Every structure is written in C-alpha cells, then in structure tokens.
Amino acid sequence: MNLFDTHLHLSAKEFLRDLDSVVLRARESGVKYMITIGSGYGAENYKDAIDLSQKYNLLFALGVHPHDADLGLGISEPDSEYRSKLNSILNNIASLSQNDLMVGIGEIGLDYYYDHSERKMQKETFGSFLELAINLNMPVIIHSRDAFLDTIDIIKSFNRNIRGEFHCFTGNIDQARTILDMGFYVSIPGIVTFNRAEEIRKVAEFLPLEKILIETDAPFLAPEPFRGKRNEPSFIIKTYEKVAQLKGITVEKLAEQVIKNSGECFRIRKGYFDDTIKG
C-alpha cells in the first residue's frame, strides 16, 4: 500500500537535524509520495524546497504564507518597495514552475486567527498569487483560518476558473459544500483524530471520496496518539485509518483514491508515480 502526504514542510527548522531519518521512516511506512511546501518570502525558502524535491524525488509547491504577506516589510499598505519585491517573487516562481516536480502555487490565503500580517496586505498578496496561478494554469493550495468568507469572495472576484485544494480544512459541512461547489478538493489533516474534533469528522463523512486529500502539515498537528510531538510524514497512517473508518472503507481503498485525487488535483505528470516506486 502506497500513501500520499499531500502537504508538509520538510524545510522547516524542526527537521534540520534528522531529515534523512524522517524521510526514511516515511518511505518504510509506505509514504511514497509527498508535496513539500516552500511558502516563505525569501529565495532561500524556495531553494530549500527545490533542493529537497530533487534529493528525495518529492513534489513541491511555492507561494507566500499569509503570515508573511507583508514580505517582511512590516507595512499595512502596499507601497513601491512591496510591489517591487512581490513582482520579483512572482517572476521567480513563474520561472521555477518549469520544473516538472512543481505542482502548485501555495500555500497562499488568509489567516485572521493570528493576523501576523495586516489583513489588507494578506488580501493584496493572496490576490496576486491567484492571478499568478491563473496565468500559469496551476492549482492553488489555500490556507484559510477564521477568514472563510473573505477567502471565497476573493477567489470568486476573479470570475475565472481557479482550481486546487483547501489544505488543512477544519471548517463545517456548509463551508465544505461551498468549496466543493467551486470545484476544489478538501484536504483532511491529523486533527480528524483528535477527541473533540467532531465537526471535521462530520465533514470527512460528508465529503465525496473523489474530493478528499490527506495531509500531515508536518511538523505541525501530529495526529493521535502522537499529539503534542513533532509531526512527521510516517504518522499519516493514523489519519488515513480514521478517515477510512469514517467512510466505511478500507485504508487501501482510501489510499488508492487519494493518489488518484492528487494526480487530478495537481495534474501530476504521467509516470511520476511509477517512477517514484521504481526509485
């Protein structure tokens, strides 16, 4: 059985000391496919993601997390320095998108829970990356926390086909229905295993099987029984087991479907899955 971790951050500082061991444990536990996220605002973030993808034959995505939407400038209004820096980042990602291991733009979006960047800056940066994704014809990886209505409104404001996934989804069934109606996939994190996470379990039961993705968001949000520890991709089996139980299917069937869904969502090149197994 082969598992897909559709969202994790292998370039995070939490993995600096033992990344080879983390990846080895993942492979040994059946996690053959991973999408590592480069979502800072400096060139080093993207280089890390690309280098890791090449070293371990991983897929990757690039964007700017809403926490960093002001690009480290500490501003509340877009100015000339911001626009110059943003254009440089967008052009860099457009160039890097020629790499066939790059499968998405993200993570991008809005985070009103922490508000590390001013909301106006979050909206500005989010919109710019949605436009980039449209121009590159690439899927987006959406981060939305306590900002669902604004996230949806901004996506709809483009009045064009934007595709992709809402990652680490923790909303309700009505929100999930809205996302599905827009053609997006929904990614379920390890939170679904938490004792009090009844809402996300209801969502997992509700979602059509063909629209489900599974992720760790490692090194964050380790599932039970590892909650509170550093998360890593080998732990994802616990999330698969819980979602399979909720759907009334085998883990093997869910794993096969997530691979199929991921291939469709991210338009992963033909042969990648076979090549990874052979490698």
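Our subject is the structure listed above.
### Topic: the overall build of the protein
Part 1 of the reasoning: If you tally the helices and strands in the protein, you get ten helices and eight strands.
Part 2 of the reasoning: Here the C-alpha atoms of the protein give a radius of gyration of 18 Å, agreeing with the 19 Å that 2.2 N^0.38 yields for 279 residues.
Part 3 of the reasoning: Counting only C-alpha atoms, the protein reaches 55 × 40 × 35 Å along its principal axes.
Part 4 of the reasoning: The buried share of the protein, reckoned over its 279 residues, is 56%.
Part 5 of the reasoning: Considering only contacts in the protein between residues 6 or more positions apart, those separated by 24 or more positions represent 74%.
Part 6 of the reasoning: Accessible surface, the protein: about 12400 Å² in total, of which carbon and sulfur atoms supply 45%.
Part 7 of the reasoning: Both charge centroids of the protein, one from 33 positive and one from 40 negative side chains, sit 4 Å from each other.

### Some thoughts on the pattern of salt bridges
Part 1 of the reasoning: Summed over the entire model, instances satisfying the criterion amount to 15 salt bridges.
Part 2 of the reasoning: The partner of D174 in a salt bridge is R177, and the shortest N-O contact between them spans 3.1 Å. Of this pair, D174 and R177 both sit in helix 6 (residues 173-181), separated by three residues, roughly a single helical turn.
Part 3 of the reasoning: Take D174: its relative accessible area is 54%, and that puts it in the exposed class.
Part 4 of the reasoning: Residue classification places R177 among the partly exposed positions, given a relative accessible area of 37%.
Part 5 of the reasoning: Notably, a salt bridge pairs R230 with E232, separated by 3.1 Å at the nearest N-O pair.

### Some thoughts on the sheet that holds strand 2 (residues 31-38)
Part 1 of the reasoning: One open sheet holds the eight strands; their spatial order is 1-2-3-4-5-6-7-8, and the pairing between them is parallel. Since the sheet does not close on itself, it has two edges, and those belong to strand 1 (3-8) and strand 8 (212-214), each with one partner. Taken pair by pair, the neighbouring strands of this sheet meet at an average axis angle of 25°, ignoring direction.
Part 2 of the reasoning: As judged from the three bridges shared by strand 7 (residues 185-188) and strand 8, these two strands associate in the parallel manner. Bridge pairing in strand 8 links I188 to I214.

### Describing the pairing of strand 4 (residues 102-111)
Part 1 of the reasoning: Most of strand 4 is tucked away: ten of the ten residues are buried.
Part 2 of the reasoning: Here three bridges tie strand 3 (residues 59-62) to strand 4, and the two strands are oriented parallel to one another. Residue pairing in the sheet places L62 in a bridge with I105 of strand 4.
Part 3 of the reasoning: As judged from the six bridges shared by strand 4 and strand 5 (residues 140-145), these two strands associate in the parallel manner.

Analysis parameters
- Residues numbered from 1 in each chain as written.
- Predicted model: local features only at pLDDT ≥ 70, side-chain atom pairs only at ≥ 80, totals over all residues.
- Heavy atoms only, no water.
- Helix = DSSP H or I, 4+ residues; strand = E, 2+ residues; numbered from the N terminus.
- Rg over C-alpha atoms; globule rule 2.2 N^0.38 Å.
- Buried < 20%, exposed > 50% of the residue type's maximum accessible area, 1.4 Å probe, protein only.
- Contact = heavy atoms within 4.5 Å.
- Areas by Shrake-Rupley, 256 points an atom, 1.4 Å probe, with all protein chains shown as cover.
- Lys, Arg positive; Asp, Glu negative; His and termini not counted.
- Charge placed at Lys NZ, Arg CZ, Asp CG, Glu CD.
- Salt bridge = Lys/Arg side-chain N within 4 Å of Asp/Glu carboxyl O.
- Pairing = 2+ DSSP bridges.
- Axes fitted to C-alpha atoms, helices over the stretch in contact; angles between N-to-C directions.

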